[in-house]
Amino acid sequence: MTAIRTTDLTKRFGDVVAVDGLDLRVREGEVFGFLGPNGAGKSTTIDMLLDYVRPTDGTATVLGMDVREDSEALRERVGVLPDGIGLYDRLTGRRHLEFAIEWTDAADDPDAILDRVGLDDRDAARSVGDYSKGMQQRLALGMALVGDPDLLVLDEPSSGLDPHGIRRMRDLVREEAERGTTVFFSSHILGQVEAVCDRVGILADGALVAVDTVEGLRKTVGAGSELRLRVTEDPGVDIAAIDGVELVRSADGFLRVACSDPRAKARVVTRLTTAGVEILDVDSDDASLEDVFTAYTTNGGVGNTESEASVPVEEVVP
Ligand SMILES: Nc1ncnc2c1ncn2[C@@H]1O[C@H](COP(=O)(O)OP(=O)(O)OP(=O)(O)O)[C@@H](O)[C@H]1O
């Protein structure tokens, strides 16, 4: 089953087209990163998926149910970490969780959830008004986990988190995915998306301009990797003939091997080692997701106006 499916989903606010005919497919059980520059329409899309905002046109289903007709049933199966959650300053963290458990009619142990998000007993007993932003975010994430949801929707989940919190959030997302939860994850922090997401969708001006794995996106924009090797002598191996290698040059005492496919790096090292070449030093760089993101969201995107056609959404999603 497809966990999230939108068809021609559109939202206009007056003259502003926030979401423009969006056709999105998120597979059950995957961690899907939803990226886009400020104002691209990410939050509006999420709001429509959760039936907080009504679309101007188009339809959306979540876990096979229509988001408008089945919104009550969906609330029990979808855990949400909204952007900027409203918490009650005077209530303790534990009380928030207890309320969330009661509302969801779930049987969760609040202590187990507090532990998962890294809040201890003392934190749990304090009023949320005294929490730091990161602690509030941890609590909100805990509330989203209540009731073992089938779909987790996380809008900018790392907002306010310190590096420990970010790591814990990442681990939680992976743990949830391992037990079959679909995770739909919007973020500006591209390194995190790269670390945790199976696939990424990039939104620009309300439309999806790319959907693929990070590796696949790298290939599409032609942003490859460079492998740098220090060897004792001329290797006497035709490195340029190795599959995925684009260019080999010698500079600063290093062999610099440009690869269109990052997997070619391992092939080069194996080939040299097998040929008995001694490698003294090795170093490499991959194009970052930032490079890929920039390529898709500036100057009309990859392939300019053809960018949408260059990554056919239907083709990559069964
Ligand atoms: N309630 C609203 N009324 C009018 N315009 C709105 C409203 N909500 C969103 N918009 C507009 O719709 C567009 C998309 O906004 P949205 O918040 O969905 O983007 P976003 O991708 O989530 O941005 P960010 O990353 O900055 O949070 C923007 O131009 C925004 O100004």
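Residues numbered from 1 in each chain as written. Predicted model: local features only at pLDDT ≥ 70, side-chain atom pairs only at ≥ 80, totals over all residues. Heavy atoms only, no water.

Asker: Please explain unusual backbone geometry as it appears in this structure.
Answerer: Glycine aside, the phi torsion of most residues is negative, and most peptide linkages are trans. Look at Leu-63: it is not a glycine, yet its phi comes out positive at around 50°. In this structure, Leu-63 sits in the loop between strand E4 (57-62) and strand E5 (65-66). A positive phi angle is found at Asp-205, which is not glycine, with a value near 50°. Locating Asp-205 in the fold gives a position in the loop between strand E9 (199-204) and strand E10 (207-212). In this structure Asp-205 comes out as exposed when scored by relative accessible area, which is 67%. (Helix = DSSP H or I, 4+ residues; strand = E, 2+ residues; numbered from the N terminus. Buried < 20%, exposed > 50% of the residue type's maximum accessible area, 1.4 Å probe, protein only.)

Asker: Just to check I follow, could you spell out the side chain of Ser-71 for this structure?
Answerer: Looking at where Ser-71 falls in the secondary structure, it is placed in helix H2 (residues 71-75). In this structure Ser-71 touches Asp-51 and Asp-66, once residues within four positions along its chain are discounted. (Contact = heavy atoms within 4.5 Å.)

Asker: Explanation requested: empty space enclosed by the protein in the structure shown.
Answerer: Empty pockets left among the atoms are what a rolling probe the size of a water molecule brings to light. Going through the model one piece at a time under the given rule, you end up with one cavity of 30 Å³ or more. The wall of the largest cavity is formed by Leu-81, Val-117, Gln-137, Arg-138, Leu-141, Pro-157, Leu-161, Gly-165, Arg-168, Met-169 and Leu-172. Mapped onto the lining of the largest cavity, the elements with two or more residues apiece are helix H6 (133-145) and helix H7 (163-178). With four residues, H7 is the single largest residue contributor to the lining of the largest cavity. (1 Å grid on protein atoms, 1.4 Å probe; cavity = no way out; pocket = protein on both sides within 12 Å on 5 of 7 lines; lining within 4 Å. Points joined across faces, edges and corners; volume = space filled by probe spheres on them.)

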